[in-house]
Amino acid sequence: MKKVLCTLMALLMLTILPFQSFAQSTVNKSTRLIKGTEVIIKTSGVITSNSIGNISAIVDQDVCSSDGSILIKSGTPVVINASIEKNGATGKPGKITLSGATTTAIDGKSIVLNCGMEEKGKGKGGLAWGLGIGTGLFTLFGLLFLLIKGDNAEIPAGTIIPNTFVSADYDINVE
C-alpha cells in the first residue's frame, strides 16, 4: 500500500512540475523609473502665441533603466502644459511658457514630467509709444500708432525642450 501511494505521489508531482515553471515565467518583472531621469522630448508642430489648441510633442529617445530595459519608447506622445499670452496693443509681445508634461510608460502608467521653457516675441513698445505720442501731438491719427502689436512668440517644429525630467519614482512592469 505504501509503494502504491508513493508511486501515485511521484506521478502527481511530475505532472504538476511543468505547470509550476509556466506560472513562474509569466510573472511580470518590475523596474524602477527613478525621479530625475532625463527624458528628451521634441515638438511635433509649430507652436505660436496666437494659436489655440494642444501642443503636440513626442519622446525623442528611448528611456531605459539601469539594466537596459526600455521604460518609455521613443515616439510616445507627450501632452505639454502651456500658458500662452497673445501679443497686444502698444507693442506687447506674445509669450509661450511650457511648465510641465505627461507621457505614458510601456505598461500604460501615466508619467509626470517636469520641464520649463519660455519663448517671447519681439516687443515693439518703444515704437508704438514713440510714434503714438510723437505724431499724436500734431494729429489725432497719430494715436492710432498705439495699436501697433508686438511680434508673436514661436517655437519651431522639432525643437528639443530642455531640462525635462521625471518628477517622481515609478514602478514600471517590464514584460
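Scroll up to find the structure.
Before going into details, it helps to say that this report is about the structure given with it. The structure displayed is predicted, hence computed values, not measured ones. Numbering of residues begins from 1 in every chain and follows the order in which that chain's sequence is written. Local features are withheld for residues below a pLDDT of 70 in this predicted model, meaning they are given only at 70 or higher, and side-chain atom pairs are given and counted only at 80 or more; totals for whole chains, interfaces and linings count all residues. The side-chain quantities take in all heavy atoms of the structure and omit both hydrogens and water.

### Digging into the overall build of the protein
To keep things clear, this is the line we draw: Secondary structure is summarised from DSSP: a helix means a run of H or I of at least four residues, a strand means a run of E of at least two, and numbering begins at the N terminus for each. Working definition: with a 1.4 Å probe on protein chains only, accessible area under 20% of the residue-type maximum means buried, over 50% means exposed, and in between means partly exposed. Residue contacts are defined here by distance: any two heavy atoms, one from each residue, within 4.5 Å place the two residues in contact. Only the protein chains shown count as covering a residue, and every accessible area follows the Shrake-Rupley method with a 1.4 Å probe.
Secondary structure assignment for the protein yields two helices and 14 strands. Across the 175 residues of the protein, 29% fall into the buried class. Intrachain contacts of the protein at a sequence separation of at least 6 include 65% that bridge at least 24 residues. Per element, the accessible surface of the protein, about 11,000 Å² overall, is 61% carbon and sulfur.

### Thoughts on a nonpolar patch on the surface
Our working definition: Patch membership needs two things, relative accessible area over 30% and no salt bridge, and members are linked within 9 Å if like-charged or within 5 Å if nonpolar (Val, Leu, Ile, Met, Phe, Trp, Tyr). The rule for a salt bridge is simple: a side-chain nitrogen of Lys or Arg has to be within 4 Å of a carboxyl oxygen of Asp or Glu.
A surface patch of nonpolar side chains, about 530 Å² in accessible area, is lined by Trp-129, Ile-133, Leu-137 and Phe-138. Among the secondary structure elements, Trp-129 is positioned in helix α2 (residues 125–136). Given a relative accessible area of 44%, Trp-129 falls into the partly exposed group.

### Some details on the environment of Ser-30
Within the secondary structure, Ser-30 sits in strand β1 (residues 29–33). Note: C-alpha distance between Ser-30 and Asp-171 (141 residues apart in sequence) is 6.1 Å. Every residue in contact with Ser-30, bar those within four places of it in the chain, is listed here: Asp-171, Ile-172 and Asn-173.

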